[in-house]
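This is what each chain is made of:
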Amino acid sequence: MILRPHASSWELLVTMRGSIVPAILPQVIFAALIGVAAAYVRSLPDESSWDHDTRYNFTPFTALGVAISLFLGFRNNACYDRWWEARKHWGMQYIVVKQLIRLLVSTPLETSDQHTLIRLAMAHTHGMRAQLRATWRKGRKGGCGRGGAGKGVVVVEREGAGGGEVLQ
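Attention in this report is confined to the structure presented alongside it.

Each value, and the rule that gives it
Starting from 1, residues in each chain are numbered consecutively following that chain's sequence as written. Where totals are concerned, whole chains, interfaces and linings use all residues; where local detail is concerned, this predicted model gives features only for residues with pLDDT of at least 70, and gives and counts side-chain atom pairs only at 80 or more. Side-chain metrics in this entry use all non-hydrogen atoms of the structure; hydrogen atoms and water are not considered. The helix count covers DSSP runs of H or I at least four residues long, the strand count covers runs of E at least two residues long, and both are numbered beginning at the N terminus. Each residue is assigned to one of three classes by its accessible area relative to the maximum for its type, calculated with a 1.4 Å probe on protein chains only: buried under 20%, partly exposed between the two thresholds, exposed over 50%. The contact rule is simple, with two residues in contact once any of their heavy atoms fall within 4.5 Å. Surface exposure here means Shrake-Rupley accessible area, sampled with a 1.4 Å probe, where a residue is shielded only by the protein chains that are shown. Residue count minus one, scaled by 1.5 Å, sets the expected span of a helix. Centre distance within 6.5 Å is the pairing criterion for rings of Phe, Tyr and Trp, where only the six-membered ring of Trp is used; planes under 30 degrees apart are then read as stacked, over 60 as edge-to-face, and the remainder as tilted. When a carboxyl oxygen of Asp or Glu is within 4 Å of a side-chain nitrogen of Lys or Arg, the pair counts as a salt bridge. Polar contact is the term for a pair of N or O atoms within 3.5 Å; when the atoms are in protein, one must be able to donate a hydrogen and the other to accept it, and sequence-neighboring residues count only if both atoms are side-chain atoms.

**Thoughts on the overall build of the chain**
So, point 1. From N to C terminus, the chain includes six helices and zero strands.
So, point 2. When the elements of the chain are put in sequence order from the N terminus, they spell out α-α-α-α-α-α.
So, point 3. Taken across its 168 residues, the chain has 13% of its residues classed as buried.
So, point 4. For the chain, restricting intrachain contacts to residue pairs at least 6 apart in sequence, the fraction spanning at least 24 positions comes to 39%.
So, point 5. Working note: accessible area of the chain is about 14,200 Å², and carbon and sulfur atoms make up 64% of it.

This is the structure we're talking about:
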């Protein structure tokens with residue numbers, strides 16, 4: 001198990017890598033500017049009927065905020081459940097490949113056949129990982145795992161091929 005040191009609250013607040021903050025920052029700034037503009041208009045001297053035109057009842061906003069928070073809570077829970085399910089499947093894939101490698105090493109096959117089967121199992125696992133993370137063949141000429149095609153590593157030439165295509 002990988003244990004990382006716990007980050008302080010300040011480090012968590014300013015961490016940008018893997019955060020949603022860079023994606024939503026323009027929308028947050030835009031909403032803040034609209035709020036500043038509304039506060040400025042509200043603070044203008046009252047020489048007209050601005051005072052009566054800018055009074056709002058906050059009950060609908062409160063109800064809408066509660067509804068949105070419930071919907072986002074359910075959505076976040078569903079996303080976490082999908083992530084946890086994928087993590088369990090990935091762990092099972094890892095365990096199965098380790099067991100397969102142990103089994104292959106203990107069989108009376110030739111060493112070159114054992115290495116080929118082990119590399120195929122590893123290529124399948126890496127191909128599946130790349131397909132799930134949508135990083136398959138980004139900036140690569142083809143291939144999977146370490147080494148080239150001459151070293152027993154399967155090269156998949158078709159765009160978008162994943163773990164299932166490695167074994168075919």
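Still more to cover.
**Observations regarding helix H5 (residues 111-132)**
So, point 1. For H5, which comprises 22 residues, the first-to-last C-alpha distance of 32 Å matches the rise-based estimate of 32 Å (1.5 Å per residue) to within 8%.
So, point 2. Taken as a whole, H5 has its buried residues at Gln114, Ile118, Ala121, Ala123, His124, Thr125, Gly127 and Ala130.

**Focus on the packing of aromatic side chains**
So, point 1. Inspection of every chain in the model, using the stated rule, returns three aromatic pairs.
So, point 2. With centroids separated by 6.4 Å and ring planes inclined at 20°, the aromatic side chains of Tyr80 and Trp84 adopt a geometry described as stacked. Here Tyr80 pairs with Trp84, and both are found in helix H4 (residues 59-106), just four residues apart, close to one helical turn.
So, point 3. On the basis of relative accessible area, Tyr80 is assigned to the partly exposed category, the value being 46%.
So, point 4. We classify Trp84 as partly exposed; its relative accessible area is 37%.
So, point 5. Aromatic pair Trp83 and Trp84: ring centres 5.9 Å apart, planes at 45°, arrangement tilted.
So, point 6. Judged by relative accessible area, Trp83 falls into the partly exposed class, the value being 46%.
So, point 7. Here a set of aromatic residues connected by ring pairs shows up, and it is made of Tyr80, Trp83 and Trp84.

**A word on H4**
So, point 1. Look at H4: 71 Å from first C-alpha to last across 48 residues, which is about the 70 Å you get at 1.5 Å a residue.
So, point 2. Along H4, the positions that sit buried rather than exposed are Gln93, Val97 and Leu104.
So, point 3. Considering only its buried residues, H4 is in contact with H5.

**Notes on the pattern of salt bridges**
Pairing of side chains with opposite charge becomes possible as their charged atoms draw close.
So, point 1. Under the counting rule described, the total for this entry stands at one salt bridge.
So, point 2. For Lys88, the salt bridge identified is with Glu85, shortest N-O distance 3.6 Å. Taken as a pair, Lys88 and Glu85 lie in helix H4 at a separation of three residues, close to a single helical turn.
So, point 3. The partly exposed category is assigned to Glu85, whose relative accessible area is 37%.

**Some thoughts on the side chain of Gln114**
So, point 1. Mapped onto the secondary structure, Gln114 falls in helix H5.
So, point 2. At 2.9 Å, the side chain of Gln114 forms a polar contact with the backbone oxygen of Leu104.
So, point 3. Reaching out from Gln114, the side chain makes a polar contact with the backbone oxygen of Thr107 at a distance of 3.0 Å.
So, point 4. What Gln114 contacts, discounting residues up to four positions off in sequence, is Leu104, Val105, Thr107 and Leu109.

Everything listed here is a matter of geometry and, on its own, says nothing about what the molecule does.
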